[in-house]
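So the chains spell out like this:
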Amino acid sequence: MSRPLKIMLVAAEASGDALGAGLAKALKTRLGGDLTLVGIGGPRMAAEGIVSPFDIADLSIHGWLEGLKAYGLVKQRVKDTTELASRERPDAVVLIDSWGFTIRVAEALRPLMPDVPLIKYVGPQVWASRPGRAKTLAAAVDHLLALYAFDAPWFEREGLPTTVVGSQALHVDMSGADPAAFRAARGIAADAPLLLVLPGSRPSEIRLMTPVYAETVARLKASMPDLQVAVVVAGTVAASVRAQVADWPVRAHLVEEDDKYAAMKAATVALATSGTVSTELALAGAPMIIAYRFQPLSYAIMRPFFTGKYATLFNHAADEEIAPEYIQKDATPEKLVPAVTRLMANPAARADQSRRQTAALDLMGREGRDPSEIAAEAVLGVIADRSAA
């Protein structure tokens with residue numbers, strides 16, 4: 001009797017951990033006992049039986065300067081990951097998101113395991129910056145699982161076979177999210193203005209953005225005394241967010257991960273750090289303001305490589321700034337306060353922005369099969385093709 005198929009999944013931050021857990025679940029549904037899963041991940045992948053040999057929290061790095069500072073740790077974790085692969089001898093390795101870490105793992109694994117297919121799940125956003133990364137990825141892996149149709153041509157031009165699986169964020173089930181219950185449980189009146197702040201999921205985002213949001217919220221509260229504020233606490237940075245929000249001059253309701261969709265539906269306006277969360281907010285119908293800051297030196301180095309017009313995915317898909325973006329020097333209380341105030345004060349503007357956000361999600365492929373199922377099918381197809389060859 002042949003041994004079960006062994007697949008290694010590698011994720012290095014919270015978003016990748018969620019994708020890895022979904023893929024693991026879909027693979028188990030298809031193969032049952034004929035599957036062994038190993039790899040690197042966080043708590044969600046651990047719940048699917050993938051025990052990581054190290055904590056991935058320290059690998060949630062964004063920006064060139066931050067990457068340089070963490071180079072020693074990243075190098076060691078790449079070594080740890082390749083050693084795990086060498087011990088386990090998987091039939092395929094799926095490298096999820098986290099460009100800086102996973103490309104190093106791919107380049108380390110290729111000479112060690114030349115016959116094992118390497119599959120990248122989520123390519124770098126080459127439409128936004130550094131398009132040369134498409135060629136780098138094509139040389140390092142055998143197949144790409146892309147989230148959006150507009151990703152594929154960039155990589156296929158470099159000869160990398162690509163399957164568009166769709167974004168899991170477009171398929172979030174929010175049917176059980178109850179905004180009225182969310183407000184009632186926290187003593188927030190049904191008609192009270194509620195600002196939902198989403199500071200991010202990376203340590204650097206929390207460090208750079210939370211002070212901006214603290215001052216923004218304080219100024220908004222001074223001009224709108226009845227304003228209620230809630231802050232989403234992402235699992236990987238929960239302790240840091242709680243500690244910083246505790247020092248805010250304004251009382252804020254802390255929102256755990258399992259309540260965040262209800263909070264999104266309950267929000268009058270959201271103030272969010274750029275990332276996947278913008279797609280989830282759009283699904284919930286929440287009009288939003290987007291902000292982001294890099295370390296100044298990182299931004300100075302990276303700025304010449306930015307080629308996209310927008311940071312937010314649905315803005316890119318629609319080719320217009322539906323959700324206002326305030327990046328780097330524009331991400332200040334002086335600019336965020338009037339932007340939030342305008343939306344808070346204008347129900348028609350909120351309804352219009354929400355409608356246009358939803359229309360942009362349709363352009364991104366909101367309808368269709370579950371992305372995890374498509375990804376599992378593609379992974380097994382790559383393995384089958386390699387075995388046949």
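For the structure itself, look to the data block above.
Residues numbered from 1 in each chain as written. Predicted model: local features only at pLDDT ≥ 70, side-chain atom pairs only at ≥ 80, totals over all residues. Heavy atoms only, no water.

(A) Quick look at the nonpolar core. Judged by nonpolar contacts, the single largest core of 66 residues is most densely connected at Ile7, Tyr121, Leu196 and Leu281. Looking at this core element by element, the count peaks at 8 residues for helix H17 (residues 371–388). If we skip the residues at most four places from it in the chain, Leu281 touches Leu196, Leu198, Met264, Ala270, Ala272, Ala286 and Met288. Grouped together as the second largest cluster of nonpolar side chains are 34 residues, Val212, Val217, Val245 and Leu271 included. (Core = buried A, V, L, I, M, F, W, Y, C linked by side-chain atoms within 4.5 Å. Buried < 20%, exposed > 50% of the residue type's maximum accessible area, 1.4 Å probe, protein only. Helix = DSSP H or I, 4+ residues; strand = E, 2+ residues; numbered from the N terminus. Contact = heavy atoms within 4.5 Å.)

(B) Seen up close, helix H15 (residues 333–345). Along its 13 residues, H15 runs 18 Å from first to last C-alpha, staying within 8% of the 18 Å computed at 1.5 Å per residue. Taken as a whole, H15 has its buried residues at Pro333, Leu336, Val337, Ala339, Val340, Leu343 and Met344. Lining the buried residues of H15 we find strand E7 (194–198), helix H9 (203–223), strand E10 (269–273), strand E11 (288–292), strand E12 (325–327) and helix H16 (347–363). (Expected span 1.5 Å × (residues − 1).)

(C) Representation of the pairing of E7. Of all 5 residues that make up E7, 5 are buried, and the element is covered over most of its length. Tracing the backbone out of E7, into H9 and back to the parallel element strand E8 (residues 228–232) gives a crossover that is right-handed. Looking at chain direction, E7 and E10 are connected through 4 bridges and run parallel. Looking at E10, one finds that Leu195 is bridged to Val269. (Right-handed = clockwise from strand over helix to strand, strands pointing away. Pairing = 2+ DSSP bridges.)

(D) A look at the sheet that holds E11. Taken in spatial order, the 6 strands line up as E9-E8-E7-E10-E11-E12 in an open sheet, and their pairing is parallel. Edge positions in the sheet fall to strand E9 (253–255) and E12, since each of these pairs with one other strand and no more. Looking at each pair of strands side by side, their axes are set apart by 20 degrees on average, direction ignored. Alignment of E10 against E11, held across 4 bridges, turns out to be parallel. Paired with Thr273 across the two strands is Ala291, which belongs to E11. (Axes fitted to C-alpha atoms, helices over the stretch in contact; angles between N-to-C directions.)

(E) Examining the packing of helix H5 (residues 99–112) against helix H6 (residues 133–140) more closely. Interhelical geometry of H5 versus H6 gives an angle of 35 degrees and a closest axis separation of 9 Å. H5 and H6 meet at a crossing whose hand is left-handed. For the pair formed by H5 and H6, the contact residues are Trp99, Ile103, Ala106, Glu107 and Arg110 on the first element and Arg133, Thr136, Leu137 and Ala140 on the second. Here the contact of H5 with H6 is built from residues that sort into 5 nonpolar, 1 polar and 3 charged. (Left-handed = near helix turned anticlockwise from the far one by under 90°. Nonpolar A, V, L, I, M, F, W, Y, C, P; charged D, E, K, R; others polar.)

(F) Seen up close, the sheet that holds strand E1 (residues 5–11). The strand order across the open sheet formed by 6 strands is E2-E1-E3-E4-E5-E6, and the pairing between neighbours is parallel. Each having just a single partner strand, strand E2 (35–40) and strand E6 (162–164) make up the two edges of the open sheet. For this sheet, the mean inter-axis angle between neighbouring strands, taken without regard to orientation, is 20 degrees. Note: strand E5 (residues 143–146) against E6, 3 bridges, orientation parallel. Directly across from Leu145, in E6, lies its bridge partner Thr163.

(G) The environment of Phe314, seen in detail. Mapping Phe314 onto the fold places it in helix H14 (residues 313–318). For Phe314, a relative accessible area of 0% gives the class buried. Separated by 42 residues in the primary sequence, Phe314 and Arg356 have C-alpha atoms spaced 9.5 Å apart. Beyond its immediate sequence surroundings of up to four residues, Phe314 is in contact with Ser278, Ala282, Met288, Ile322, Ala323, Gln357, Ala360, Leu361 and Met364.

(H) Representation of the side chain of Gln328 in the model. Structurally, Gln328 is set in the loop between E12 and H15. Looking at Gln328, its side chain comes within polar contact range of the main-chain nitrogen of Phe294, at 2.7 Å. Not counting residues within four places of it along the chain, the set of residues in contact with Gln328 comprises Tyr292, Arg293, Phe294, Gln295, Pro296 and Tyr299. (Polar contact = N/O pair within 3.5 Å; in protein donor to acceptor, adjacent residues only side chain to side chain.)

(I) Looking closely at the side chain of His253. Mapped onto the elements, His253 comes out in strand E9. Setting aside its immediate chain neighbours within four residues, His253 contacts Arg186, Ile188, Gln228, Val229, Ala230 and Val231.

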